[in-house]
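A structural walkthrough
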Amino acid sequence: MSQHRAAGNRVTPGNSAARKTGASRHAKHRVARRNTPSSTQIVGLTAALAAAAGAVGFSHSSLASPTQANSAVNIAALSGGNSLSEVTTARIERRQLATRDSSRVALTSTDTTKKQAAADRLSKARAAKLDATRALTAKRASSLAAAKVAAAAAAEKLRESASRCEMMISGYHITATFGQGGSRWAANHTGTDFAAPIGTPIRSVMKGEVVFADWAGAYGRQVQVEHADGTVTWYNHMSKFSVEVGETVYAGDQVGAVGVTGNTTGPHLHFEVHPGGGSAINPMPWLREVCGLNP
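Note that the structure is predicted; figures quoted are calculated from it, not measured.

Scanning the protein for helices and strands turns up six helices and nine strands. Per-residue burial for the protein yields a buried fraction of 26% across its 295 residues. Pairs at least 24 residues apart make up 59% of the contacts formed inside the protein by residues separated by at least 6 positions.

If you want it as structure tokens, here you go:
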């Protein structure tokens, strides 16, 4: 009985080696099973790698390069998680779009500021040009007004000059001269006749005072003007008067109009000159020498 037990408990070399080999296999299997990661651990590791890739891709610059984005996508793809790869790619795209949008907003703001500044400069330049034009216009208007005032003053001064002369009538032709005789006059002709249509204005030859304006027999309607040196000029056969006795007239002022009143055979101005109010003299030399006119 004891021998049988001893025989049964005896360890033979072959049996010992077999047991060791079997134990070693079981131990390796247990180690391998402990070191092999589960599917949950793989997914977690993949998510961590993807998050790390995303953080690295955007930690250095807000403008991630296409290479970095592709790297993150590749990592997610290699991890075997399709849904995680899509989520990571969507995040990357959203960040890139946000970055591009912010850049566009910044560029648009800069362009708007530049355009506004250019518009402000143009507006100021136009306003300055308009102000300069207005100032120039005002200056010219002032100068023109001053010139008009000066011209009017000069004209008035010239008009009031006692030595200034104007021709008595326009559009005329001479039909009779001083000293001419004939059946038309009771004596030799005492003046010069300037024929013109009825109503043609008759003007004072020089500045003077009206001393007579009335009917004068054979002279018809007559006006007499006494000048500064005492000479009296006569205007005869007029159709109407334009002045009254005592009125001051200037060279060129109208005193009447051509007519056929009195002893006349046609419409004309009979003009006479009486130095010092005396006898009549030849009007033609007087007009040339005293007045500087050449009828």
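Attention now moves to unusual backbone geometry. Its identity as a non-glycine residue notwithstanding, His 237 has a phi of 65°, on the positive side. With respect to the helices and strands, the residue His 237 is situated in strand E6 (residues 232-241).

Going through the model one piece at a time under the given rule, you end up with three aromatic pairs. Judged by centre distance (5.6 Å) and plane angle (90°), the ring pair of Tyr 219 and Trp 234 falls under edge-to-face. Linking Tyr 219 in the loop between strand E4 (208-215) and strand E5 (221-227) with Trp 234 in strand E6, this pair joins segments that are 15 residues apart in sequence. When its relative accessible area of 26% is taken as the criterion, Tyr 219 is described as partly exposed. Residue classification places Trp 234 among the buried residues on the basis of a relative accessible area of 17%. With 5.5 Å between their ring centres and 50° between their planes, Tyr 235 and Phe 271 make a pair best called tilted. Note that Tyr 235 is positioned in strand E6 and Phe 271 in strand E9 (residues 268-274), a separation of 36 residues in sequence. The exposure class of Tyr 235 is buried, given its relative accessible area of 0%.

Turning our attention to the nonpolar core. Counting 27 residues, the largest nonpolar core has Met 168, Val 205, Tyr 235 and Phe 271 as its most contacted members. Apart from residues no more than four positions distant in its own chain, Met 168 is found in contact with Phe 194, Pro 201, Ile 202, Arg 203, Val 205, Tyr 235, Leu 269, Phe 271 and Leu 287.

Turning to the confidence of the model for the protein, a few remarks are in order. Where the model shows low pLDDT, its predicted coordinates should not be examined in detail. On average, residues of the protein score 78 in pLDDT, and 66% of them are at 70 or above. Low pLDDT, under 50, characterises residues 1-14; the predicted model gives this stretch one contact beyond four residues in sequence or across chains. Counting interchain partners and residues more than four positions distant, the pLDDT-below-50 stretch residues 55-64 has nine contacts.

Parameters at a glance
- Residues numbered from 1 in each chain as written.
- Predicted model: local features only at pLDDT ≥ 70, side-chain atom pairs only at ≥ 80, totals over all residues.
- Heavy atoms only, no water.
- Helix = DSSP H or I, 4+ residues; strand = E, 2+ residues; numbered from the N terminus.
- Buried < 20%, exposed > 50% of the residue type's maximum accessible area, 1.4 Å probe, protein only.
- Contact = heavy atoms within 4.5 Å.
- Phe/Tyr/Trp six-rings, centres within 6.5 Å; stacked < 30°, edge-to-face > 60°.
- Core = buried A, V, L, I, M, F, W, Y, C linked by side-chain atoms within 4.5 Å.
- pLDDT = per-residue confidence, 0-100.

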